[in-house]
Amino acid sequence: MNAVWDRASAPVVCGPRTVGGLFAGVVCLTAAVGIVTAPLVADPLLRALFGVALLTVAAVLVRPWFGSWRDLGMHRQVRQPWLLATPAVIAGAPLLWGVQWPPAAALGILAAGYLLTGFTEELLWRGMALRALERSRPLVAVLVTSALFGLSHLVNLLYRDNAGLVLAQVWGAFCFGVGYAALRRRIGSILPLMLLHAVTDFAGRITTGPAILFFVMQDAVLLAFGLVLVLRERGVPSSAQLVG
């Protein structure tokens, strides 16, 4: 593996204030992009893509304050890989009902947006945020990072007209976060989570089945799955256990 991924960790900023600052930064940047681009870009897909692209750049720039790439789970060593079976099945299940492909231009925007979203949200919340709370109790770290991950989706009110749908998305993101945060603590790596995150979002968009029903079922399973995993942990893991 390239030395840049294996080098020693930089000093890590830890604690609730750090995670709160991360949350504030995500919300402020995403909100600013939504407000600035609203009168300039009519297509909501392009606005969302522009927002997640800027968030990706910002996440990469602040990454050194949270540790090395490897510290944040960017490595190929996966402990207990069988645990990935549950999220993999529920990520791809909506495709069994059939697929309705969007036009080529929209498909490209969607694919790029979901890949960037998977990369960035996992790096931020299951990488940086969990790393900052590594000294907290496992359940506390999982619930706090997942709650902030869910609340960060309130910014989508700037991109969507349906407030009820956004509130449902906040709850769904919390459930999703519990499952993925607990899984990250078990497997060590966030690379498979990035891919599964992107597949989950993309499959829900192109399925011909009832997407909202699928998301509700997925979130319920991930919430239960995550709580079982984290409640079965013993003790407070060190950073080495998070890294793998």
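Residues numbered from 1 in each chain as written. Predicted model: local features only at pLDDT ≥ 70, side-chain atom pairs only at ≥ 80, totals over all residues. Heavy atoms only, no water.

Q: Even after reading the chapter, I still don't get the overall build of the protein, so can you show me in this structure?
A: When helices and strands are tallied, the protein shows ten helices and zero strands. Among the 244 residues that make up the protein, the fraction classed as buried is 48%. The long-range fraction of contacts in the protein, counting pairs at least 24 apart against all pairs at least 6 apart in sequence, stands at 84%. Summed over all atoms, the accessible surface of the protein reaches about 11,600 Å², with 71% contributed by carbon and sulfur. Between the centroid of the 18 positive side chains of the protein and the centroid of its 10 negative side chains there is a distance of 9 Å. (Helix = DSSP H or I, 4+ residues; strand = E, 2+ residues; numbered from the N terminus. Buried < 20%, exposed > 50% of the residue type's maximum accessible area, 1.4 Å probe, protein only. Contact = heavy atoms within 4.5 Å. Areas by Shrake-Rupley, 256 points an atom, 1.4 Å probe, with all protein chains shown as cover. Lys, Arg positive; Asp, Glu negative; His and termini not counted. Charge placed at Lys NZ, Arg CZ, Asp CG, Glu CD.)

Q: Looking at this structure, I do not really get the packing of helix α5 (residues 104-132) against helix α6 (residues 138-151). What am I missing?
A: In helix packing, the relevant descriptors are the interaxial angle and the interaxial distance, both defined with respect to the helix axes. At a minimum axis distance of 10 Å, the contact between α5 and α6 shows a crossing angle of 145 degrees. Both α5 and α6 take part in a crossing whose hand is right-handed. Between α5, through E121, W125, R126, A129 and L130, and α6, the contact on the second element is made entirely by A141, V142, T145, L148 and F149. Here the residues of the contact of α5 with α6 are counted per class, giving seven nonpolar, one polar and two charged. (Axes fitted to C-alpha atoms, helices over the stretch in contact; angles between N-to-C directions. Left-handed = near helix turned anticlockwise from the far one by under 90°. Nonpolar A, V, L, I, M, F, W, Y, C, P; charged D, E, K, R; others polar.)

Q: What is the right way to look at the pattern of salt bridges in this model?
A: Side chains that carry opposite charge are capable of pairing whenever their charged atoms lie near each other. Considering all chains together, one arrives at four salt bridges under this definition. For R131, the salt bridge goes to D71, with nearest N and O atoms at 3.4 Å. Here R131, found in helix α5, pairs with D71, found in the loop between α3 (44-62) and α4 (85-92); they are 60 residues apart in sequence, far enough to count as distant. Of the two residues, R131 and D71, neither departs from the other in class, the shared state being buried. (Salt bridge = Lys/Arg side-chain N within 4 Å of Asp/Glu carboxyl O.)

Q: Got a minute to help me understand the confidence of the model for the protein in this structure?
A: In regions of low pLDDT, the predicted coordinates are not meant to be interpreted in detail. In the predicted model, the protein carries a mean pLDDT of 89, and 90% of its residues have values of at least 70. Below a pLDDT of 50 lies the segment residues 1-8, which in the model reaches twelve contacts outside its immediate sequence neighbourhood of four places, other chains included. Residue range residues 236-240 is modelled with pLDDT below 50. Its contacts to residues more than four positions away, or to other chains, number eleven contacts. (pLDDT = per-residue confidence, 0-100.)

Q: Would you mind going over the packing of α3 against α5 with me for this structure?
A: It is at 9 Å that the axes of α3 and α5 come closest, and there the two elements cross at 35 degrees. Along this stretch, α3 crosses α5, giving a crossing that reads as left-handed. Together, L45, L46, L49, V52, A53, L55, T56, A59, V60 and V62 of α3 and A106, I109, L110, A112, G113, L116, T117, F119, T120, L123, L124 and M128 of α5 make up the contact between the two elements.

Q: Help me understand helix α7 (residues 163-187) in this model?
A: Each α-helix turn comprises 3.6 residues. Residues three or four places apart therefore point the same way. Spanning 25 residues, α7 covers 35 Å between terminal C-alpha atoms, matching the ideal 36 Å at 1.5 Å per step. Counting buried positions along α7 yields 18 of 25 residues, so the element is predominantly enclosed. Structurally, the start of α7 carries an N-cap: the backbone nitrogen of G164 is 3.1 Å from a side-chain oxygen of N162. Two residues or fewer past α7, G188 is found with a positive phi of approximately 90 degrees. (Expected span 1.5 Å × (residues − 1). Polar contact = N/O pair within 3.5 Å; in protein donor to acceptor, adjacent residues only side chain to side chain.)

Q: Hey, could you run me through a nonpolar patch on the surface in this one?
A: Residues V57, L61, V62 and W65 make up a contiguous nonpolar surface patch of about 410 Å² in total accessible area. Looking at the element boundaries, W65 is found in the loop between α3 and α4. Of the residues examined, W65 reaches a relative accessible area of 53% and is grouped as exposed. (Patch = residues over 30% accessible without salt bridge, like charges linked within 9 Å, V, L, I, M, F, W, Y side chains within 5 Å.)

Q: What's the story with the nonpolar core in this structure? I'm lost.
A: Generally speaking, nonpolar side chains in soluble globular proteins are found buried as a group. One finds L123, L124, W125, M128 and L183 to be the most contacted residues of the largest nonpolar core, which totals 43 residues. Put simply, the parts of the chain that give this core at least two residues each are α2 (16-37), α3, α4, α5, α6, α7, α8 (191-206) and α9 (211-231). Residue contacts for L124: discarding those within four places in its chain leaves L22, V26, L55, A59 and A129. (Core = buried A, V, L, I, M, F, W, Y, C linked by side-chain atoms within 4.5 Å.)

Q: In this structure, what is going on with the environment of L83? I would like to understand it.
A: Here L83 shows up in the loop between α3 and α4. For L83, a relative accessible area of 13% puts it in the buried group. With 100 residues separating them along the chain, L83 and L183 place their C-alpha atoms 7.4 Å apart. If we skip the residues at most four places from it in the chain, L83 touches L183, R186, I187, F225 and L229.

Q: In this structure, what is going on with the packing of aromatic side chains? I would like to understand it.
A: Centre-to-centre distance and the angle between the planes together describe a pair of aromatic rings. One pass over the structure, following the stated rule, counts seven aromatic pairs. Seen from their ring centres, Y114 and F202 are 6.1 Å apart, and the 70 degrees between their planes marks the pair as edge-to-face. Of the two residues, Y114 is situated in helix α5 and F202 in helix α8; the sequence distance between them amounts to 88 residues. Overall, the relative accessible area of 17% leaves Y114 in the buried class. Through a chain of ring-to-ring contacts, three or more aromatic side chains come together here, namely W125, F149, F176 and Y180. Geometry around F149 places R126 over its ring, the cationic atom sitting 4.3 Å from the centre. (Phe/Tyr/Trp six-rings, centres within 6.5 Å; stacked < 30°, edge-to-face > 60°. Lys NZ or Arg CZ within 6 Å of the ring centre and 35° of its normal.)

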